[in-house]
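Examination of the molecular architecture
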Amino acid sequence: MPPPADGGRVRRFARAERWVHRTTAGLMLVCLATALVLYYPPVSELVGRRRLVVVVHEWCGLMLPVPLLLGLASRALRADLGRLNRFTASDRQWLRAVRRRSWDRPAGKFNAGQKLYASWIAGAVLVMLGTGLLMWFTHLAPLVWRTGATFVHDWLAVAVAVAVGGHVWMAVRDPEARRGMRTGSVDPLWAVREHPEWDPQDDRRSSR
């Protein structure tokens, strides 16, 4: 992707996409923070008000899919979801380059790592929602199911915390990526370096 001749910034995310990301991130962080309070005794004793923490945790978990569902009204978001769901030859090459620690990593608007993270976190949210409902509404299933749901919910929460921590760590290391999510636009040289196969013109055509 050649940079703009005028050196201007490149539009990367629409307002609806940024809203969905921020709202989902906020709900996810509240879920993780309240889970820490509920399951880690030193923090639980420090915070107290366990019943209030449980209610906040339950309702934030229940609301997690809502921003994405509302965001589907955005054509730009639907187009990006289509990109995230397509795994191409360039993505396989990107993964091989990561294993070799090579910086020759072809990527479109989203690289293979971002696609894998998005797919994994989406699946994890659905599983967390399902197991959480079994734990919340005890009449929905027999005890053995609820016991299994609790086991899956707790350990998957740990895995989600690790994945989200890695996501935040990667974002901290890349100020321009954060700026793109915050403002919707990125530096064209960053776009060429990090996403050489991305054509912003495709975004404009998709959003029409």
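Below, the structure is looked at part by part. Here the structure is a predicted model, which is why all the values come from computation and not from measurement.

Roughly 2300 Å³ of volume is contained in the largest pocket. Lining of the largest pocket is provided by 50 residues; of these, His 21, Gln 114, Tyr 117, Ala 118 and His 167 occupy positions nearest its centre. Listed by contribution, the elements that provide at least two residues to the lining of the largest pocket are α1 (15-39), α4 (66-71), α5 (75-84), α6 (89-100), α7 (112-136), α8 (143-173), α9 (175-183) and α10 (188-194). Taken together, the residues that form the lining of the largest pocket break down as 31 nonpolar, 10 polar and nine charged. Lining the second largest pocket are 28 residues, with Ala 35, His 57, Met 128, His 153 and Ala 157 positioned closest to its centre. Those elements giving two or more residues to the lining of the second largest pocket turn out to be α1, α3 (50-63), α7 and α8. Partitioning the lining of the second largest pocket into residue classes produces 21 nonpolar, four polar and three charged.

Under the 1.5 Å per step criterion, the end-to-end length of α7 is 36 Å for 25 residues, consistent within 8% with the ideal 36 Å. The complete set of buried residues in α7 reads Ala 112, Lys 115, Ile 121, Ala 124, Val 125, Met 128, Thr 131 and Gly 132. Residues of α7 that are buried make contact with α1, α5, α6 and α8. Between the side-chain oxygen of the N-cap and the backbone nitrogen of Gly 113 there are 3.0 Å, and the N-cap of α7 in question is Asn 111.

A separate point is the packing of aromatic side chains. According to the stated counting rule, one finds three aromatic pairs in the structure shown. A centroid spacing of 5.5 Å and a plane angle of 85° characterise the contact between Trp 59 and Trp 136, whose relative ring orientation is edge-to-face. Placement of the pair is Trp 59 in helix α3 and Trp 136 in helix α7, with a sequence separation of 77 residues. Of the residues examined, Trp 59 reaches a relative accessible area of 46% and is grouped as partly exposed. Trp 136 gets classed as partly exposed once you look at its relative accessible area, which sits at 25%.

With that out of the way, let us pick up a positive patch on the surface. Judged by side-chain charge, Arg 92, Arg 96, Arg 99 and Arg 100 come together as a positively charged surface patch. Tracing the backbone through its elements, the reader meets Arg 99 in helix α6. Note on Arg 99: relative accessible area 63%, which makes it exposed.

Cut-offs used in this document
- Residues numbered from 1 in each chain as written.
- Predicted model: local features only at pLDDT ≥ 70, side-chain atom pairs only at ≥ 80, totals over all residues.
- Heavy atoms only, no water.
- 1 Å grid on protein atoms, 1.4 Å probe; cavity = no way out; pocket = protein on both sides within 12 Å on 5 of 7 lines; lining within 4 Å.
- Points joined across faces, edges and corners; volume = space filled by probe spheres on them.
- Helix = DSSP H or I, 4+ residues; strand = E, 2+ residues; numbered from the N terminus.
- Nonpolar A, V, L, I, M, F, W, Y, C, P; charged D, E, K, R; others polar.
- Expected span 1.5 Å × (residues − 1).
- Buried < 20%, exposed > 50% of the residue type's maximum accessible area, 1.4 Å probe, protein only.
- Contact = heavy atoms within 4.5 Å.
- Polar contact = N/O pair within 3.5 Å; in protein donor to acceptor, adjacent residues only side chain to side chain.
- Phe/Tyr/Trp six-rings, centres within 6.5 Å; stacked < 30°, edge-to-face > 60°.
- Patch = residues over 30% accessible without salt bridge, like charges linked within 9 Å, V, L, I, M, F, W, Y side chains within 5 Å.
- Areas by Shrake-Rupley, 256 points an atom, 1.4 Å probe, with all protein chains shown as cover.
- Salt bridge = Lys/Arg side-chain N within 4 Å of Asp/Glu carboxyl O.
- Lys, Arg positive; Asp, Glu negative; His and termini not counted.
- Charge placed at Lys NZ, Arg CZ, Asp CG, Glu CD.

All quantities given are derived from atomic positions and should not be read as evidence of function.
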